[in-house]
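# Observations on the three-dimensional arrangement
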Amino acid sequence: MKELTRGALGWSPFYMSQLDLDELETLIPARIATVHRDRVVGFSDIGTLELTLDPGITTAEVGVGDWVLCAPEQHRLVRVLDRQTELTRGTEYHTGEKQLIAANLDTLFITSSCNNDFNPARLERYLALAHDAMITPVILLTKADQTDDPEAYLDQARSLGRHLEVVALDAKNDDVAALLAPWCGKGQTVALAGSSGVGKTTLANALTGGNAATQAIREDDARGRHTTTGRSLHRMATGGWLIDTPGMRGLGVAEVAYGIDATFPEISELAETCKFRDCAHESEPGCAVQAGIAAGTVDPERLKRFKKLKRENEQATETIAQARDRSRKFGKMVKSAMKKKPRNT
C-alpha cells in the first residue's frame, strides 16, 4: 500500500491525547486493517505491519478500525487506544458478551435492496445500533434499476427517521462513488452493513476500485450467499476508509435504549408525556402515544416494532448484567481461594 500519513488514516487529537511522553518516544500508532486468530495487521505511516499481541491482550479485544500503539521493530501490539465510536451487536447474552462489528466509524451505510429483501424492522435494528453508538446512519437502497417504483421504497425508508439520509442507486453504475462522496472524504471511515445478496461487495468494489468476487442472489427469495466472510479495512478512491462486513441475518440488540428512542423519536417523545410513567401505550388513560395514533402522527406498525425492540433490549440488557455479575463474583471467589491456598515450604 502507498505510504500514508496518520491524518489520512483518520488519526485525530482524540487519540493523540491518550499517549504519554514515553509512548510518544518509543511506540507508533497503527490502524487495524484485519484481525486473525493470533495476530493482526495494521496500517501505519511507515507501512503495513503484522503484529503479535502483548500478554493480556487477545484478538477478541481488537476490532477492525481500532487505533493501537505498537513496537514496529518487534512487531508487537502494545496497547489498544480508546475508541471514539464502536458498533456492536448483542449475541451471547448468557456470557455477557457483545460482538464488535467495527471501531471508530463516522458513518454506517445500511444496505438493503428494492426487492423482497427490504424489511423496515431489520433496518430499524441497524438504525438503533448506529444511533446508540453516535454513528451517522445512511440507508442505501440497491437494485433501484430493477424495480418499476423505486420511489415507494425511498418513501418507506425515509419514514424510518427524521432527517434520515436515503440514497437509491444501482451498485454497478459508475456514479456510486460520486453519490456517496459526502461521507467518504479524507480521513472518514464508513462501514457497509446489511443482509447477504444486497450488493455490498459490488458497492465496496465501486468505492475502492477493487474486484472482490460477487455472488448471484437466489431469485425465489432475493437472498444471497455470503461473499464477505470477514471484516477488513480498505482505502477508498475519495480518501476515506471502508470496513466491509459479512451479511448478518441475526441482529440482536442489547444495552441500546438510547438508540431505540432515537430511532423512533415520534414515539419516544410522546411517551415522555404519558399520564403514567410505566404506560404500556395500549389502553391506559392519558396515553399520549395512543393519542398520536388517533391523530395520525404515529404509525401503529411502528409502535409494534418499537415495543418489540424495547422488550428485547430490556431482556438482553438484564441478562448481560446478570452474566457480568456472575463473572465478577466468580473472579472474587477464585482470588479468595488462591489467597487461602497453602504455599509449599
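- With an unreviewed UniProt entry as reference, the protein is termed Small ribosomal subunit biogenesis GTPase RsgA, source organism Yoonia algicola.
- In its Subcellular location (unreviewed entry) section, the UniProt record describing the protein reads: "Cytoplasm".
- Checking UniProt for the protein, the heading Sequence similarities (unreviewed entry) contains the comment "Belongs to the TRAFAC class YlqF/YawG GTPase family. RsgA subfamily."

## Details of the overall build of the protein
- Summing up its helical and strand segments, the protein has eleven helices and 15 strands in all.
- Sorting the 345 residues of the protein into buried and exposed places 48% on the buried side.
- Relative to all contacts within the protein whose residues are 6 or more apart in sequence, the contacts with residues 24 or more apart total 66%.
- In the structure as shown, the protein presents an accessible area of about 18000 Å², 49% of it carried by carbon and sulfur atoms.

## Regarding the UniProt feature "binding site: Zn(2+)" (unreviewed entry) in the protein
- Mapped onto this numbering, the UniProt entry annotates "binding site: Zn(2+)" (unreviewed entry) at Cys274, Cys279, His281 and Cys287.
- Mapping Cys274 onto the fold places it in the loop between helix H9 (265–271) and helix H10 (288–295).
- If sequence neighbours within four positions are ignored, Cys274 has contacts with Cys279, His281, Gly286, Cys287, Ala288 and Val289.
- Relative to the assigned elements, Cys287 resides in the loop between H9 and H10.
- A relative accessible area of 8% places Cys287 in the buried class.
- Setting aside residues no more than four positions away along its own chain, Cys287 makes contact with Cys274, Cys279 and His281.

## Considerations on the environment of Val289
- By the secondary structure assignment, Val289 is in helix H10.
- Residue classification places Val289 among the buried positions, given a relative accessible area of 0%.
- Each C-alpha atom, one on Val289 and one on Cys279, is 9.5 Å from the other, the two residues being ten residues apart in sequence.
- Every residue in contact with Val289, bar those within four places of it in the chain, is listed here: Ile267, Leu270, Ala271, Cys274, His281, Val298 and Leu303.

## Remarks on a nonpolar patch on the surface
- On the surface, a nonpolar cluster with roughly 280 Å² of combined accessible area is contributed by Met16, Leu21 and Leu24.
- The exposure class assigned to Leu21 is exposed, which follows from its relative accessible area of 60%.

## Observations regarding unusual backbone geometry
- At His75, a residue that is not glycine, the phi angle is positive and equals roughly 55 degrees.
- Looking at where His75 falls in the secondary structure, it is placed in the loop between strand S4 (67–71) and strand S5 (76–80).
- Judged by relative accessible area, His75 falls into the partly exposed class, the value being 40%.
- For Lys143, which is not glycine, the phi dihedral falls at a positive 60 degrees.
- Note on placement: Lys143 falls in the loop between strand S9 (136–142) and helix H5 (150–158).

## A word on the sheet that holds S5
- Taken in spatial order, the five strands line up as S1-S2-S3-S5-S4 and close into a barrel, and their pairing is mixed. When the angles between neighbouring strand axes are averaged without regard to direction, this sheet yields 55 degrees.
- Bridge analysis of strand S2 (residues 40–44) against strand S3 (residues 47–53) gives five bridges, and the strand direction is antiparallel. Counted as the bridge partner of Val41 is Glu50 from S3.

## Some thoughts on the sheet that holds strand S10 (residues 165–168)
- Spatial strand order, S10-S9-S8-S11-S15-S14: six strands in an open sheet with mixed pairing. Only two strands of the sheet have a single neighbouring strand rather than two, namely S10 and strand S14 (232–235). Within this sheet the neighbouring strands show an average axis-to-axis angle of 25 degrees, counted without direction.
- Strand direction decides the pairing type here: strand S11 (residues 189–193) and strand S15 (residues 241–244), joined by four bridges, are parallel. Across the sheet, residue Val190 finds its bridge partner in S15, namely Leu242.
- Each of strand S8 (107–113), S9 and S11 touches helix H4 (residues 120–132); the most contacted strand, S8, lies at about 180 degrees to it.
- Across the sheet, helix H7 (residues 200–208) lies against S8, S9, S11, S14 and S15, angled at about 160 degrees from S15, the strand it touches most.

## With respect to H4
- Counted at 1.5 Å a residue, the expected span for H4 with its 13 residues is 18 Å, and the 18 Å between its end C-alpha atoms agrees.
- Along H4, the residues classified as buried are Leu123, Glu124, Arg125, Tyr126, Leu127, Ala128, Leu129 and Ala130.
- Where H4 begins, the side chain of Asn119 points an oxygen toward the backbone nitrogen of Ala121, at a separation of 3.0 Å.
- A positive phi of about 60 degrees marks Met134, the residue just after H4.

Definitions and cut-offs
- Residues numbered from 1 in each chain as written.
- Predicted model: local features only at pLDDT ≥ 70, side-chain atom pairs only at ≥ 80, totals over all residues.
- Heavy atoms only, no water.
- UniProt positions renumbered as here; feature names shortened; annotations may be inferred.
- Helix = DSSP H or I, 4+ residues; strand = E, 2+ residues; numbered from the N terminus.
- Buried < 20%, exposed > 50% of the residue type's maximum accessible area, 1.4 Å probe, protein only.
- Contact = heavy atoms within 4.5 Å.
- Areas by Shrake-Rupley, 256 points an atom, 1.4 Å probe, with all protein chains shown as cover.
- Patch = residues over 30% accessible without salt bridge, like charges linked within 9 Å, V, L, I, M, F, W, Y side chains within 5 Å.
- Salt bridge = Lys/Arg side-chain N within 4 Å of Asp/Glu carboxyl O.
- Pairing = 2+ DSSP bridges.
- Axes fitted to C-alpha atoms, helices over the stretch in contact; angles between N-to-C directions.
- Expected span 1.5 Å × (residues − 1).
- Polar contact = N/O pair within 3.5 Å; in protein donor to acceptor, adjacent residues only side chain to side chain.

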